[in-house]
Amino acid sequence: MTTPRTATPARVRFAGFGARFAVAAGLMLPVLPVEASAQAQGQIQSQTQGQAQGQSPAAVPVQAPAQAVLAGGKLEAKYEASLAGIAVGKGQWAIDINEDQYSATASGGTAGLLKAFAGGSGSGQSTGRVVAGALVPSNYQAVTTSAKKSETIKMLITPGYVKEFSIEPEPPLDPEKIPITDAHRRNVIDPMTGSLMRVGGTGELLTPDSCRTGASIFDGRMRYDLKLDYKRMESVKAEKGYRGPAIVCAVYFTPIAGYVPDRAAIKYLAAQRNIEVTLVPIAGTRVLVPYRMVVPTPLGVAMLEATEFVTTPAPAKAVAKTN
């Protein structure tokens, strides 16, 4: 006699998804939607026909060179993550941009009651050079830890090409995954750099055109495209730090390789038309970064929002005195 399978308790399913979301929130856009959706795949019951692969969206690269030289600035921010209105995690983000280099470091983890069901933490870092105003990544690393396992992803990047990448421990081969080829590692940026949206030119930063862009991302596991479009303007007010105008962009996700086409979660995310990100500037630069992100999920709306957003321009360089 076969013992019938029992349904997983709702609070356990919620805890597993929430933990993954909370950790991913610490790594910022665009890691957040991909990581969160991967955990949601077991929650979606209906399977739909896998979509055919298309070409990368014809969008201006986020890091396109601009006429103006990029000034310097810093950001120290704290974020809270929620799922269906319930707090599930916290994260922090530090960004430092100067005339010739930049760095971005983030960390996050589960918080509140969720820790009792499914604890987890994560951190990520990207470093690179500033070339003619463009952000050019050179190194990326992401570490995630849970009660069951710890994983480290590393990438060494030359301009426009992921020269080396590794996942430790190495995951088992999945024959159903669309394989990552050498071509998928070209003309891409890492997900942390993809969170820093460079606005070209010398004019106003927060305009509809600032949203009309996109990026080709490789995160060491998956190759995907993000396309943005303008939605609206609004004002935001952090508990500490930034108060002022913000621009809200729609975000569209297109998987390219490194995933299983029949996975319900990937289909769900690719079909979404209600993902949005709210962007504000880092003082002293022409870089916009996420203040808030909203992602529909099968368990309710997932949101990452800044509680503190302190941004300062870099001090002017001292001029040597002459007699």
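No experiment lies behind these values; they were computed from the predicted model shown.

Undergrad: Quick rundown of the pairing of strand β14 (residues 287–297)? Include the residues and the values.
TA: The element β14 is largely enclosed, with a buried count of eleven among its eleven residues. Judged from the two bridges that link them, strand β8 (residues 197–198) and β14 form a sheet pairing that is antiparallel. Across the sheet, the residue bridging to Met197 is Leu288, located in β14. In this sheet, β14 lies alongside strand β13 (residues 276–281) in antiparallel orientation, the contact comprising six bridges. Its bridge partner lying in β14, Glu276 is registered against Val294. In this antiparallel pair of consecutive strands, β13 and β14, the connection spans five residues, and Gly284 shows a positive phi of 85°. Judged from the six bridges that link them, β14 and strand β15 (residues 300–313) form a sheet pairing that is antiparallel.

Undergrad: Break down the state of the cysteines for me, with residues and values.
TA: Scanning the entire structure with this criterion turns up one disulfide. Through a disulfide, Cys211 is tied to Cys249; the S-S separation comes to 1.8 Å. Looking along the S-S bond of the Cys211-Cys249 disulfide, the torsion reads about -75°, which is the left-handed sense. Of this pair, Cys211 sits in helix α5 (residues 208–211) while Cys249 sits in strand β12 (residues 243–257), and the two are 38 residues apart along the sequence.

Undergrad: Can you lay out the layout of surface pockets for me, pointing to particular residues and giving the numbers?
TA: Vacant regions in the atomic arrangement are exposed by a probe of water-molecule size rolled over the atoms. Roughly 420 Å³ of volume is contained in the second largest pocket. Lining the second largest pocket we find 15 residues, and of these Pro171, Leu173, Lys177, Ile180 and Arg221 sit closest to its centre. In terms of residue class, the lining of the second largest pocket is built from eight nonpolar, three polar and four charged.

Undergrad: A description of the nonpolar core should follow, citing residues and the corresponding values.
TA: Of all hydrophobic cores here, the largest spans 62 residues; its most connected members are Trp93, Ile95, Leu196, Phe253, Leu288, Val289 and Phe309. Looking at this core element by element, the count peaks at six residues for β14. Ignoring sequence-local partners within four residues, the contact set of Ile95 consists of Gly73, Lys74, Leu75, Ser103, Ala104, Leu196, Ile282 and Val289.

Undergrad: Before we move on, could you go through the pattern of salt bridges and cite the residues and values that matter?
TA: A side chain of one charge can pair with a side chain of the opposite charge when the charged atoms of the two come close. The tally for this structure, following the rule as stated, stands at twelve salt bridges. Here Glu234 and Arg292 are joined by a salt bridge, their closest N and O atoms 2.7 Å apart. Remark: Arg292 occurs in strand β14 and Glu234 occurs in strand β10 (residues 223–237); sequence separation between them is 58 residues. Residue classification places Arg292 among the buried positions, given a relative accessible area of 16%. Each of Lys231, Arg232, Glu234, Glu276, Arg292 and Glu305 takes part in a single network of salt bridges with overlapping partners.

Reading guide: rules and limits
- Residues numbered from 1 in each chain as written.
- Predicted model: local features only at pLDDT ≥ 70, side-chain atom pairs only at ≥ 80, totals over all residues.
- Heavy atoms only, no water.
- Buried < 20%, exposed > 50% of the residue type's maximum accessible area, 1.4 Å probe, protein only.
- Helix = DSSP H or I, 4+ residues; strand = E, 2+ residues; numbered from the N terminus.
- Pairing = 2+ DSSP bridges.
- Disulfide = S-S within 2.5 Å.
- 1 Å grid on protein atoms, 1.4 Å probe; cavity = no way out; pocket = protein on both sides within 12 Å on 5 of 7 lines; lining within 4 Å.
- Points joined across faces, edges and corners; volume = space filled by probe spheres on them.
- Nonpolar A, V, L, I, M, F, W, Y, C, P; charged D, E, K, R; others polar.
- Core = buried A, V, L, I, M, F, W, Y, C linked by side-chain atoms within 4.5 Å.
- Contact = heavy atoms within 4.5 Å.
- Salt bridge = Lys/Arg side-chain N within 4 Å of Asp/Glu carboxyl O.

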